[in-house]
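# Residue-level structure breakdown
Each chain, written out:
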Amino acid sequence: MECAGKGRGTRCVGPPTRRCGRCGAVSYCSVSHQISHWIDHKEECQRLEQQMKRADDLNDFPFTFTPEATLLESRCSFLSKRGIHRLGMWVCECRCGASLGSFDSSRSGDECWNLSSDLCPCRGPPSPVSKHLRSWLDYYEWRCIPLHSPVALVLHWPLTIYHATQVASVRSLAVENCEELCIHYLGPEKEILQLDAFWELQAFFPNTKVHIQFIGPAIPEHRDGQKIDLSSYAHCLDKDCICRSLNDNLNKMAVTDKSSNVTLQLHRGYYHDRYRDFTEDSFPDLVIAPNAGIAAYPSWLPTIELINEMGVPAVFSDYCEEACHLAECCITRVTGRPLAIPIQINPFRQPLVVEDSALLLPCYSNCFLFGI
């Protein structure tokens with residue numbers, strides 16, 4: 001957390017321990033910095049105050065680990081207690097984990113949850129999803145996973161996609177047993193190290209071939225254009241679990257059929273620069289941009305213009321409500337109309353609070369959704 005008045009003519013005199021008495025969302029190192037920052041802060045103070053009042057709703061999760069996950073315990077400590085620190089898909093969930101550039105051009109080769117079979121979705125669901133899942137509790141009950149399992153820390157990516165298809169009323173899914181679903185996924189970062197988790201989309205769309213185009217500047221240059229066929233669930237640690245034989249059979253079928261129910265392709269660069277390379281053969285049913293940071297990066301403006309021209313439903317997410325508010329201002333200036341999907345809490349946000357956020361607002365990965 002930084003002093004909100006940092007860089008306003010004088011150096012900070014210490015840690016930012018003095019919080020705004022009205023909103024409580026920003027803090028200062030001194031009275032002088034608080035006074036000098038008021039000319040800017042007064043425009044946002046009341047809005048941030050209202051956002052802070054929603055903290056209890058944002059911190060409301062059904063998990064047994066909710067208190068430690070929402071009280072800023074270090075991520076390393078959280079993961080270490082569960083024996084998954086710096087392992088497999090968990091490697092990028094803390095600061096000391098691996099970077100995108102450190103991984104080679106293939107899948108990890110591990111494809112393992114590093115959890116016992118009772119704690120992870122290492123095989124298909126016991127029954128097809130029969131209703132729109134509206135919470136992590138719904139999902140855990142459907143997949144028969146206990147509420148002390150940490151898999152939500154990774155599964156928030158595919159479940160946010162699932163929820164986005166519902167709130168955006170994606171046209172292709174209105175057709176019973178639709179054959180294909182094409183998604184353009186913008187700005188991936190740590191997701192690139194957790195690709196196996198996206199197979200979970202097959203649990204939601206069992207009769208559908210799901211194609212996801214990942215496009216973003218964070219994709220390593222040596223992985224540009226890489227195509228990945230996911231043909232099985234990531235397996236558990238139990239050597240005698242049925243998931244291993246099931247996954248072997250699924251892999252053999254994928255080799256024989258030369259097709260997969262979930263295919264991913266990586267493209268390095270910005271969407272407005274690269275979309276012509278694949279849109280003709282892969283026009284999207286949905287565009288999704290997790291943790292977009294639209295107001296922070298000018299490169300989003302031509303992308304929003306493009307999406308607006310394409311007329312495709314697009315869902316964005318961000319870490320906190322204020323980031324979504326600023327993004328809404330940018331989008332409405334470009335499109336000339338209000339959001340088609342108003343800012344709303346994502347029920348499938350990651351349940352581990354973000355460390356060292358810019359504001360004292362509660363922040364979670366994929367915390368809020370909105371769309372055009």
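What you are looking at is a predicted structure, and each value in this text was computed from that prediction instead of being measured.

Right, let's talk about the overall build of the protein for a bit. Along the protein, the regular secondary structure elements total 12 helices and 10 strands. The C-alpha radius of gyration of the protein comes to 21 Å, within 12% of the 21 Å expected for a compact globule of 372 residues. Summarising its shape, the C-alpha atoms of the protein cover approximately 70 × 50 × 40 Å along the three principal directions. Looking at the 372 residues of the protein, the share that counts as buried comes to 51%. Surface exposure of the protein reaches about 16,900 Å², of which carbon and sulfur atoms provide 50%. Both charge centroids of the protein, one from 35 positive and one from 44 negative side chains, sit 5 Å from each other.

Next up on the list: the nonpolar core. Membership of the largest hydrophobic core comes to 95 residues, with the highest contact counts inside it found for Tyr139 and Phe316. Ignoring any residue separated from it by four or fewer positions in sequence, one finds tyrosine 139 in contact with Pro121, Leu133, Ile145, Leu155, Leu159, Glu200, Phe204 and Phe348. With 14 residues, the next largest nonpolar core counts Met52, Cys320, Val354 and Cys363 among its residues.

Time to look at the environment of valine 91. Note that valine 91 resides in the loop between helix H5 (75-81) and helix H6 (136-142). Relative accessible area serves as the criterion here: at 9%, valine 91 is assigned to the buried category. Along the chain, valine 91 and isoleucine 307 lie 216 residues apart, while their C-alpha atoms are 33 Å from each other.

The next thing to look at is the packing of aromatic side chains. What the rule picks out here adds up to 26 aromatic pairs. Note on tyrosine 162 and phenylalanine 204: the rings are 4.1 Å apart at their centroids and 15 degrees apart in plane angle, and the pair reads as stacked. With tyrosine 162 in helix H7 (residues 152-167) and phenylalanine 204 in helix H8 (residues 201-204), the pair connects residues that are 42 residues apart, well separated along the chain. You'll find tyrosine 162 and phenylalanine 204 in the same group, each marked buried. Consider the rings of tyrosine 271 and tyrosine 275, whose centres lie 6.1 Å apart with planes at 50 degrees: the pair is tilted. As far as the burial class goes, tyrosine 271 and tyrosine 275 line up, both buried. Geometry around phenylalanine 78 places arginine 82 over its ring, the cationic atom sitting 3.8 Å from the centre. For the cation-ring pair, arginine 143 lies above tryptophan 142, with the distance from its terminal atom to the ring centre recorded as 5.8 Å.

A regular strand carries its side chains on alternate faces of the sheet. In terms of residue burial, strand E8 (residues 314-318) counts as a mostly covered element, since 5 of its 5 residues are buried. Bridge count for strand E7 (residues 286-289) against E8 is 3 bridges, and the pairing is parallel. Considered in E8, the bridge of alanine 289 is made with phenylalanine 316. Across 4 bridges, the pairing between E8 and strand E10 (residues 368-371) is antiparallel. Note that in E10 the partner of valine 315 across the bridge is glycine 371.

Attention now goes to the side chain of glutamate 93. Within the secondary structure, glutamate 93 sits in the loop between H5 and H6. Only 2.9 Å separates the side chain of glutamate 93 from the side chain of arginine 75, close enough to count as a polar contact. Not counting the four nearest positions on each side in its chain, glutamate 93 is found in contact with Arg75, Leu79, Leu153, Lys190, Gln194 and Gln350.

The UniProt record marks residues 3-45 with the feature "domain: MYND-type" (unreviewed entry), using the residue numbering of this structure. The annotated region residues 3-45 carries 28% helix and 9% strand content, and the separation between its end C-alpha atoms amounts to 15 Å.

Attention now moves to the packing of helix H2 (residues 45-52) against helix H12 (residues 321-335). Close contact between H2 and H12 brings their axes to 10 Å; oriented N to C, the two are set at 135 degrees. By the angle class used here, H2 and H12 are oblique. Counted together, Arg47, Leu48 and Gln51 of H2 and Glu321, Glu322 and His325 of H12 form the full contact between these two elements. Class assignment of the residues belonging to the contact of H2 with H12 gives a composition of 1 nonpolar, 2 polar and 3 charged.

Another point: the domain arrangement of the protein. Structurally, the protein comprises domain 1 (1-58) and domain 2 (60-99 + 110-249 + 258-371). Using C-alpha coordinates to define each centre, domain 1 is positioned 32 Å away from domain 2. Listed as interface residues are 16 residues of domain 1 and, on the opposing side, 17 residues of domain 2. Counting the surface domain 1 buries against domain 2, the share from its top three residues, Met1, Gln51 and Leu58, is 49%. Linking domain 1 with domain 2 are 2 salt bridges. We note a salt bridge from arginine 47 to glutamate 322, for which the minimum N-O separation is 2.6 Å. Summed over the shared surface of domain 1 and domain 2, the result is 10 residue pairs in polar contact (both at pLDDT 80 or more). Among the elements of the structure, H2 and helix H3 (55-58) are those that each provide at least two residues to the side of domain 1 that touches domain 2.

Criteria and thresholds
Residues numbered from 1 in each chain as written. Predicted model: local features only at pLDDT ≥ 70, side-chain atom pairs only at ≥ 80, totals over all residues. Heavy atoms only, no water. Helix = DSSP H or I, 4+ residues; strand = E, 2+ residues; numbered from the N terminus. Rg over C-alpha atoms; globule rule 2.2 N^0.38 Å. Buried < 20%, exposed > 50% of the residue type's maximum accessible area, 1.4 Å probe, protein only. Areas by Shrake-Rupley, 256 points an atom, 1.4 Å probe, with all protein chains shown as cover. Lys, Arg positive; Asp, Glu negative; His and termini not counted. Charge placed at Lys NZ, Arg CZ, Asp CG, Glu CD. Core = buried A, V, L, I, M, F, W, Y, C linked by side-chain atoms within 4.5 Å. Contact = heavy atoms within 4.5 Å. Phe/Tyr/Trp six-rings, centres within 6.5 Å; stacked < 30°, edge-to-face > 60°. Lys NZ or Arg CZ within 6 Å of the ring centre and 35° of its normal. Pairing = 2+ DSSP bridges. Polar contact = N/O pair within 3.5 Å; in protein donor to acceptor, adjacent residues only side chain to side chain. UniProt positions renumbered as here; feature names shortened; annotations may be inferred. Axes fitted to C-alpha atoms, helices over the stretch in contact; angles between N-to-C directions. Parallel < 35°, antiparallel > 145°, perpendicular 65-115°, else oblique. Nonpolar A, V, L, I, M, F, W, Y, C, P; charged D, E, K, R; others polar. Domains from an automatic or database assignment. Buried area = accessible area lost by both parts, 1.4 Å probe. Salt bridge = Lys/Arg side-chain N within 4 Å of Asp/Glu carboxyl O.

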